[in-house]
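Observations on the three-dimensional arrangement
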Amino acid sequence: MMSSPKNLSKFWEWGRKIICVGRNYAEHAKELKNAVPTEPVLFLKPPTAYVKEGSPVIMPYYSNNLHHEVELGVVIGKGGRNISQACAMEHVHGYALCLDMTARDVQDKCKEKGLPWTLAKAFDTSCPVSDFIPKDKIQDPHNLNIWLKVNDSLRQEGNTSAMIFSIPFLISYISKIISLEEGDLILTGTPKGVASVKEDDEMMAGIDNIISMKFKVEKQS
Ligand SMILES: CC(=O)CC(=O)C(=O)O
Ligand SMILES: [Mg+2]
């Protein structure tokens, strides 16, 4: 295990970047009638997007269609630029289960107008995260079942083997554009089954028998 000057097991407290990959599962790109990408689609969330179990996900007041997207998160332990694919996994400190909460109606309007997705993706509480999963708890991050239920009904289920771009490819690609730092989190995209949540819904998500988490949805007061 690599040494780290600070404790990365609470990576969400570091205030570092959340770099999100979109359309990394062909079935999800198709369900939203998007083309399957030939290069990663990237966007960012600010650290104020983090929310931990015990606190609710707050629906943004300007959206009537808030979607869940369950995703595998990769926690960066060693920063770098121009990282090669061969060395990329040396920069991974561990993983987390994440939700990329998305105001889909707002995103659709942004897409129509050619505007950035900030309002749709970067609002406070748009990135619920599980506890940190140490790297050695996951043998193969490209063979994990991730799932999400809403009020006990299964909505999303997918295997990370279906990712179009692998974790080493993403780390290498991203680090040529944006320097990676200790404590950064990469969201690797969502499998199919994204759908709406409403006030008082309970989202439960998990990775195999490794971790699970629950979040309640609330309206902004
Ligand atoms: C269309 C999207 O919102 C892309 C995205 O976030 C994904 O995970 O795919
Ligand atoms: Mg996403």
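Residues numbered from 1 in each chain as written. Chains lettered and ligands numbered in written order. Predicted model: local features only at pLDDT ≥ 70, side-chain atom pairs only at ≥ 80, totals over all residues. Heavy atoms only, no water.

1. Brief notes about the sheet that holds strand β15 (residues 202–207)
Spatially, five strands are ordered β4-β16-β15-β11-β12 in an open sheet, and the strand pairing comes out mixed. At either margin of the open sheet sits one strand with a lone partner, and together these are β4 (57–59) and β12 (153–159). Averaged over all pairs of adjacent strands, the angle between strand axes in this sheet comes to 20 degrees, irrespective of strand direction. As defined by bridge partners, β15 adjoins strand β16 (residues 211–219) across six bridges and the pair is classed as antiparallel. (Pairing = 2+ DSSP bridges. Helix = DSSP H or I, 4+ residues; strand = E, 2+ residues; numbered from the N terminus. Axes fitted to C-alpha atoms, helices over the stretch in contact; angles between N-to-C directions.)

2. Concerning the nonpolar core
What tends to happen in soluble globular proteins is that the nonpolar side chains get buried as a cluster. If you look at the biggest cluster of nonpolar residues, it comprises 63 residues, and the most contacted ones within it are Phe11, Ile171, Leu185 and Met203. Per-element tally for this core: the top contributor is strand β7 (residues 92–99), with six residues. If sequence neighbours within four positions are ignored, Phe11 has contacts with Tyr50, Val75, Ala96, Val129, Ser130, Phe132, Gly183 and Leu185. (Core = buried A, V, L, I, M, F, W, Y, C linked by side-chain atoms within 4.5 Å. Buried < 20%, exposed > 50% of the residue type's maximum accessible area, 1.4 Å probe, protein only. Contact = heavy atoms within 4.5 Å.)

3. So, the sheet that holds strand β8 (residues 102–103)
Spatially, β8-β5-β14 is the arrangement adopted by the three strands of the open sheet, whose pairing is antiparallel. Bordering the open sheet on either side are β8 and β14 (195–197), each of which pairs with just one other strand. Pairing of strand β5 (residues 66–68) with β14 involves three bridges; the strand directions are antiparallel. The partner of His67 across the bridge, within β14, is Ser196.

4. Focus on the pairing of strand β1 (residues 18–22)
β1 sits mainly inside the fold: five of its five residues count as buried. Residues of β1 alternate between two faces, with Ile18, Cys20 and Gly22 on one and Ile19 and Val21 on the opposite face, all of them buried. Across three bridges, the pairing between β1 and strand β13 (residues 185–187) is parallel. Bridge pairing links Ile19 to Ile186 in β13. Of the pairings in the sheet, the one linking β1 to strand β2 (residues 41–45) comprises five bridges and is antiparallel in character. Directly across from Ile18, in β2, lies its bridge partner Lys45.

5. Describing helix α4 (residues 167–175)
Most of α4 sits inside the fold, with eight of its nine residues counted as buried. Here α4 has its buried residues at Ile167, Pro168, Leu170, Ile171, Ser172, Tyr173, Ile174 and Ser175. Contacts made by the buried residues of α4 are with β1, β2, β6 (70–76), β7 and β13.

6. Side note on the coordination of the magnesium ion (ligand 2)
The protein atoms donating to the magnesium ion (ligand 2) are Glu69 (OE), Glu71 (OE) and Asp100 (OD), with metal-donor distances spanning 2.0 to 2.1 Å. Considered as a linear motif, the donors of the magnesium ion (ligand 2) on their single chain read E-x1-E-x28-D. Of the two residues, Glu69 sits in the loop between β5 and β6 while Asp100 sits in the loop between β7 and β8, which places them 31 residues apart along the sequence. Of the two residues examined, Glu69 and Asp100, each falls in the buried class. (Donors = N, O, S within 2.8 Å, 3.2 Å for Na, K, Ca; no water.)

7. A look at the confidence of the model for the protein chain
In this model, the protein chain carries a mean pLDDT of 96, and residues with pLDDT of at least 70 account for 97%. The secondary structure element of the protein chain with the lowest average pLDDT is helix α1 (residues 26–31), at 96, and the one with the highest is strand β9 (residues 127–129), at 99. At the level of chain-chain contacts, confidence expressed as ipTM amounts to 0.98, with global pTM at 0.97. (pLDDT = per-residue confidence, 0-100.)

8. Remarks on the environment of Asp100
On the accessibility criterion, Asp100 (1% relative accessible area) is buried. Considered as a pair, Asp100 and Thr190 are 90 residues apart in the sequence and their alpha carbons are 8.1 Å apart. Among residues more than four places away in sequence, those in contact with Asp100 are Phe43, Lys45, His67, His68, Glu69, Glu71, Lys121, Ser126 and Leu187. Among the polar contacts listed, one links the side chain of Asp100 to the side chain of Lys121, at a separation of 2.9 Å. (Polar contact = N/O pair within 3.5 Å; in protein donor to acceptor, adjacent residues only side chain to side chain.)

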